[in-house]
Amino acid sequence: MTFLYKADPVRGAVWAELLARKMPELPFRIWPDIGDPQAVRFLAAWQPPQDLATQFPNLEILFSTGAGTDQFDFAAIPPTLPVVRMVESGIVQGMVEYVTLAVLSQHRDWRTYAAQQRAGTWQVHRVQPASSRRVGVLGLGTLGRAVLERLRSFGFPCAGWSRSPQQLYGVDCHHGPEGLLALLTRTDILICLLPLTDDTRGILCKQLFDQLPRSATVINVGRGGHLVQDDLLRALDAGQLGSAVLDVCDPEPLPPGHPLWTHPQVVLTPHIASMTQPETAVDAVVENLRRYRQGLPMVGLVDRALGY
């Protein structure tokens, strides 16, 4: 019975050390050193091999090394094979840090003051209280809830939207198509933390931007496929949107010369908002393996009908 890791080999070495301490009875290998393919029962991967079913006929669980599984080709994954996305505290903390930074930098006009510094301009702008800046989050999963809890502590009026009804202390929760409109019309800073599915692909588009108050900010830390880039550029140039913070794009990296590289109202980072931390990721995997052996539901088990 072997656990196989197929992702960044540097992080894989840390996984090997940690699993040797926490679950020494489980042999661990790092791709491409697969050993006996018949012995591989568990696979952690960012991109599993295309011939998964034939290469590892006894595989019992496929773990994603990231928070999502939209990078997987589910047509190549046996329909009965459990797929588990990564739900671990390191990803959550990293995302909370990044989104808090993005919101506060927009709220406190950091981009404006950086431009003034480059121009040698000393000009004071009015400081608005957090209570005057309405934040909305698309997606009320683990990450969305953690982000809202932190932003609420600053005094921002917070709202969230999800596909089905949710409740979150101190947050105005909306759901469904009607709820989406209600969220957008009251939101000055919109944060996308949705999973990428057929229903959410391209959701950040002209129709959505037109429902936001003029000069709103969009922060996309979901997936590049959520955003229609041409619609974003037109909304920024028309003043319907005041700014955008993008940690994800499609494709990644953007091609040289793409207008998002140099747009003055866009902050662009290379998909670094949050990363799986080996220490907490291994703890999450070990806990799920124990739950699996005890017949308990695993944390992060993907519902293929929903796509997450």
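Quick note: structure is the one above.
Residues numbered from 1 in each chain as written. Predicted model: local features only at pLDDT ≥ 70, side-chain atom pairs only at ≥ 80, totals over all residues. Heavy atoms only, no water.

*Asks:* How do you make sense of the overall build of the protein chain when you look at a structure like this?
*Replies:* The number of helices and strands found in the protein chain is 10 helices and 12 strands. Against the globule reference of 19 Å for 308 residues, the protein chain gives a C-alpha radius of gyration of 21 Å, in line with a compact fold. With the principal axes as the frame, the protein chain shows a C-alpha extent of 65 × 40 × 35 Å. Looking at the protein chain as a whole, 48% of its 308 residues qualify as buried. Residue pairs at least 24 apart in sequence account for 62% of intrachain contacts in the protein chain once pairs closer than 6 positions are excluded. When the accessible surface of the protein chain is split by element, carbon and sulfur atoms take 54% of a total near 15100 Å². In the protein chain, the 27 positive side-chain charges and the 29 negative ones have mean positions that sit 6 Å from each other. (Helix = DSSP H or I, 4+ residues; strand = E, 2+ residues; numbered from the N terminus. Rg over C-alpha atoms; globule rule 2.2 N^0.38 Å. Buried < 20%, exposed > 50% of the residue type's maximum accessible area, 1.4 Å probe, protein only. Contact = heavy atoms within 4.5 Å. Areas by Shrake-Rupley, 256 points an atom, 1.4 Å probe, with all protein chains shown as cover. Lys, Arg positive; Asp, Glu negative; His and termini not counted. Charge placed at Lys NZ, Arg CZ, Asp CG, Glu CD.)

*Asks:* I would appreciate a short explanation of the nonpolar core in the present structure.
*Replies:* Nonpolar side chains in soluble globular proteins tend to be buried together. If you look at the biggest cluster of nonpolar residues, it comprises 48 residues, and the most contacted ones within it are Phe 3, Trp 15 and Ile 191. Counting residues per element, this core draws most heavily on helix α3 (residues 89–107), which supplies eight residues. The contact partners of Phe 3, leaving out residues within four places of it in the chain, are Trp 15, Leu 19, Leu 26, Pro 27, Phe 28, Arg 29, Phe 42, Ala 44, Phe 63, Val 285 and Leu 289. Core analysis: the second largest hydrophobic core is formed by 28 residues, Leu 190, Leu 241, Ala 244 and Leu 260 among them. (Core = buried A, V, L, I, M, F, W, Y, C linked by side-chain atoms within 4.5 Å.)

*Asks:* What is the right way to look at the pairing of strand β1 (residues 2–6) in this model?
*Replies:* Looking along a regular strand, one sees side chains alternate from face to face of the sheet. Within β1, five of the five residues are buried, which leaves the element mostly enclosed by the surrounding structure. Sheet analysis places β1 next to strand β3 (residues 40–45), joined by five bridges and oriented parallel. Among the inter-strand pairings, Thr 2 is bridged to a residue of β3, identified as Val 40. Relative to strand β2 (residues 28–30), β1 runs parallel, the two sharing three bridges. Each bridged residue has a counterpart across the sheet, and for Phe 3 the counterpart in β2 is Phe 28. (Pairing = 2+ DSSP bridges.)

*Asks:* Help me out: how do you make sense of the sheet that holds strand β11 (residues 241–246) in this one?
*Replies:* An order of β8-β7-β6-β9-β10-β11-β12 is seen for the seven strands of this open sheet, with the pairing classed as parallel. Strands with a single pairing partner mark the edges of an open sheet, and in this sheet they are β8 (172–175) and β12 (266–268). Geometrically, the sheet is characterised by an average inter-axis angle of 15° between neighbouring strands, direction not taken into account. With four bridges connecting them, strand β6 (residues 135–138) and strand β9 (residues 189–192) associate as parallel partners. Considered in β9, the bridge of Leu 138 is made with Cys 192. The sheet contacts of helix α5 (residues 142–153) involve β6, β7 (158–162) and β9, and relative to β7 the element is tilted by about 170°. (Axes fitted to C-alpha atoms, helices over the stretch in contact; angles between N-to-C directions.)

*Asks:* Whenever I open this one, the side chain of Asn 288 confuses me. Can you help?
*Replies:* Here Asn 288 shows up in helix α10 (residues 278–293). What makes Asn 288 buried here is its relative accessible area of 5%. Residue contacts for Asn 288: discarding those within four places in its chain leaves Phe 63, Val 84, Met 298 and Val 299.

*Asks:* Which parts of the structure should I look at to understand the packing of aromatic side chains?
*Replies:* Aromatic ring pairs are defined here through the distance separating the ring centres and the angle between the ring planes. Per the counting criterion, the structure on display carries nine aromatic pairs. Between Phe 42 and Tyr 292 the ring centres are 6.3 Å apart and the planes differ by 90°, which places this aromatic pair in the edge-to-face class. Of this pair, Phe 42 sits in strand β3 while Tyr 292 sits in helix α10, and the two are 250 residues apart along the sequence. We classify Phe 42 as buried; its relative accessible area is 2%. Looking at Tyr 292, the relative accessible area reads 31%, which means it is partly exposed. Both rings, one in Phe 72 and one in Phe 74, keep their centres 6.2 Å apart while their planes meet at 55°; by these two values the pair is tilted. Phe 74 gets classed as partly exposed once you look at its relative accessible area, which sits at 25%. For the cation-ring pair, Lys 6 lies above Trp 31, with the distance from its terminal atom to the ring centre recorded as 5.2 Å. (Phe/Tyr/Trp six-rings, centres within 6.5 Å; stacked < 30°, edge-to-face > 60°. Lys NZ or Arg CZ within 6 Å of the ring centre and 35° of its normal.)

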